[in-house]
Amino acid sequence: MTTTAPTEHPSMRLRELVFGAACAAAVRAAARLGVADVLGETPASAEELAAAVGVEPRALTRLLRALSCYGIFTEDEEGRFGHTEMSRLLREDTPNSMRYIALWCTEPWTWQAWPCLDDAVRSGRSVFKDLYGKEFFEYLHDEASDSARVFNLAMTHSSRQSAQDFARATDLSGASTVVDIGGGQGHVLAELLEKYPRLEGTLLELPGVVRNADPRLREGGELSARARLVAGDCRSAVPVKADAYIIKNVLEWDDDSTRRTLRNVVEAAPPGARVLVVENLVDDSPSMRFTTAMDLMLLLNVGGAKHSTGSMTSLMTEAGLEITEIRPVNAYLHVFDSRVAG
Ligand SMILES: C[S@@+](CC[C@H](N)C(=O)[O-])C[C@H]1O[C@@H](n2cnc3c(N)ncnc32)[C@H](O)[C@@H]1O
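Bear in mind the structure is a predicted one, so any value in this text is a computation, not a measurement. (Residues numbered from 1 in each chain as written. Predicted model: local features only at pLDDT ≥ 70, side-chain atom pairs only at ≥ 80, totals over all residues. Heavy atoms only, no water.)

> Sorry if this is basic, but what is going on with the pairing of strand β9 (residues 321-328) here?
For a regular strand, side chains alternate in direction, first toward one face of the sheet and then toward the other. In the sheet, β9 pairs with strand β10 (residues 334-340) via 7 bridges, with the strands oriented antiparallel. Bridged to Pro-328 within β10 is His-334. The turn joining β9 and β10, which pair antiparallel and follow one another in sequence, is formed by 5 residues. (Pairing = 2+ DSSP bridges. Helix = DSSP H or I, 4+ residues; strand = E, 2+ residues; numbered from the N terminus.)

Set out below in structure tokens:
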């Protein structure tokens, strides 16, 4: 049986770490081949699995053995492969599937960008334009439609899951109106409107995103009578007055954009309005390896950053917000609960 025990010896551990790309590539390959989707509840041989996904059996054995070393699939004495909790997350049909997150984190552009990390650290800036001649999102939409599709699916999956966690953990019983700024397809807003039957809400998003809002919020949807969809750029203006403002996983770009957005919120909001900023933190997370890796990826692609408790607190305070509480939403997100001063 393949061992999954971590290697303790420093030189061997370092050897393993510098081969991290092999692990990421193996996860990507398994996700693209759909191996987890064809494996049922009983272990199967590589030949059976290879026939099911149409690949070469010996190469598939090597792939699955490599993944078993990380606890993704198991290999038994007879050389049959079975599921683990992690391999099940690669299935498309599993609740909380991470298939599209796995693909998103290993998209082709990432393999071009990671080797330029030392350049990004030297300059403190994104390397994307030097590599592709365009800003990241412009490139995705103009030239990498497959990656753009994977991005949208990954965001939809992770946003649905975290929206439920956020709605469960957030008490908005004192509010009549709420706005979700950069709320993606509006999963958070939809969850909150379902939780509070008298609450009215606005989704403020870029025009291309607002068009694809959650069907529950769109015309004819079951929440549409209490939902307003506003296309706009929160860095230019936040043209909505509400009792509560939510900004979740948006302020990860450059600090100037964050300052402008928070200033626009404070200008639009009535005194005492609640502002809830939700972020992954690089200094307070049970998953520091994940958060710091995302932080480096943001440096490479958009020149952005994940925040620390201190950096988020100081940007919010500078904008005129009084932080009342910082608390976890789930295993990887924190909410900065604040009020507009005065
Ligand atoms: C990482 S996603 C987070 C989406 C959602 N808040 C969530 O947590 O699932 C960042 C979102 O910010 C939106 N966004 C980016 N720039 C924006 C801007 N200038 N004005 C409004 N929304 C913006 C993007 O379209 C995207 O949906």
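> In this structure, what is going on with the domain arrangement of the protein? I would like to understand it.
How big an interface is tends to be stated in terms of accessible area lost as the parts join. When its domains are assigned, the protein resolves into domain 1 (10-96) and domain 2 (166-340). Computed over C-alpha atoms only, the centres of domain 1 and domain 2 are separated by 37 Å. (Domains from an automatic or database assignment.)

> Where do I start with the packing of aromatic side chains in this structure?
Two aromatic rings, taken as a pair, are described by how far apart their centres are and by the angle between their planes. One pass over the full model with this rule turns up 11 aromatic pairs. Judged by centre distance (4.7 Å) and plane angle (50 degrees), the rings of Trp-104 and Phe-151 are tilted. Of this pair, Trp-104 sits in helix α7 (residues 99-104) while Phe-151 sits in helix α12 (residues 145-169), and the two are 47 residues apart along the sequence. Pair check on accessibility: Trp-104 and Phe-151 agree, each one buried. Consider the rings of Phe-128 and Tyr-132, whose centres lie 4.7 Å apart with planes at 25 degrees: the pair is stacked. Of this pair, Phe-128 and Tyr-132 both sit in helix α10 (residues 128-132), 4 residues apart, which is roughly one turn of that helix. Here Tyr-132 falls in the partly exposed class, since its relative accessible area comes to 23%. (Phe/Tyr/Trp six-rings, centres within 6.5 Å; stacked < 30°, edge-to-face > 60°. Buried < 20%, exposed > 50% of the residue type's maximum accessible area, 1.4 Å probe, protein only.)

> What should I look at first to understand the sheet that holds strand β4 (residues 177-181) in this one?
Picture the strands of a sheet paired through backbone hydrogen bonds; they go either parallel or antiparallel. An order of β6-β5-β4-β7-β8-β10-β9 is seen for the 7 strands of this open sheet, with the pairing classed as mixed. With one partner strand each, in any of the chains shown, β6 (227-231) and β9 form the two edges of the open sheet. Between one strand axis and the next, the sheet turns by 20 degrees as a mean value, whatever way the strands run. Pairing of β4 with strand β7 (residues 244-248) involves 4 bridges; the strand directions are parallel. Residue pairing across strands places Ile-181 opposite Ile-247, the latter belonging to β7. Each of β4, β5 (200-205), β6 and β7 is contacted by helix α13 (residues 187-195), which is oriented at about 180 degrees to β5, the strand it contacts most. (Axes fitted to C-alpha atoms, helices over the stretch in contact; angles between N-to-C directions. Contact = heavy atoms within 4.5 Å.)

> Mind showing me how you'd approach the environment of Ala-102 here?
Tracing the chain through its elements places Ala-102 in helix α7. Residues within four places of Ala-102 in sequence aside, it is in contact with Val-27 and Leu-90.

> Help me understand the sheet that holds strand β1 (residues 44-45), please; the structure alone is not making it clear to me.
Spatially, the 3 strands line up as an open sheet ordered β1-β3-β2, and their pairing is antiparallel. Sheet topology places β1 and β2 (74-75) at the edges, where each strand pairs with a single neighbour. By the bridge criterion, 2 bridges tie β2 to strand β3 (residues 80-82) in an arrangement that is antiparallel. Paired with Glu-75 across the bridge in β3 is Phe-81.

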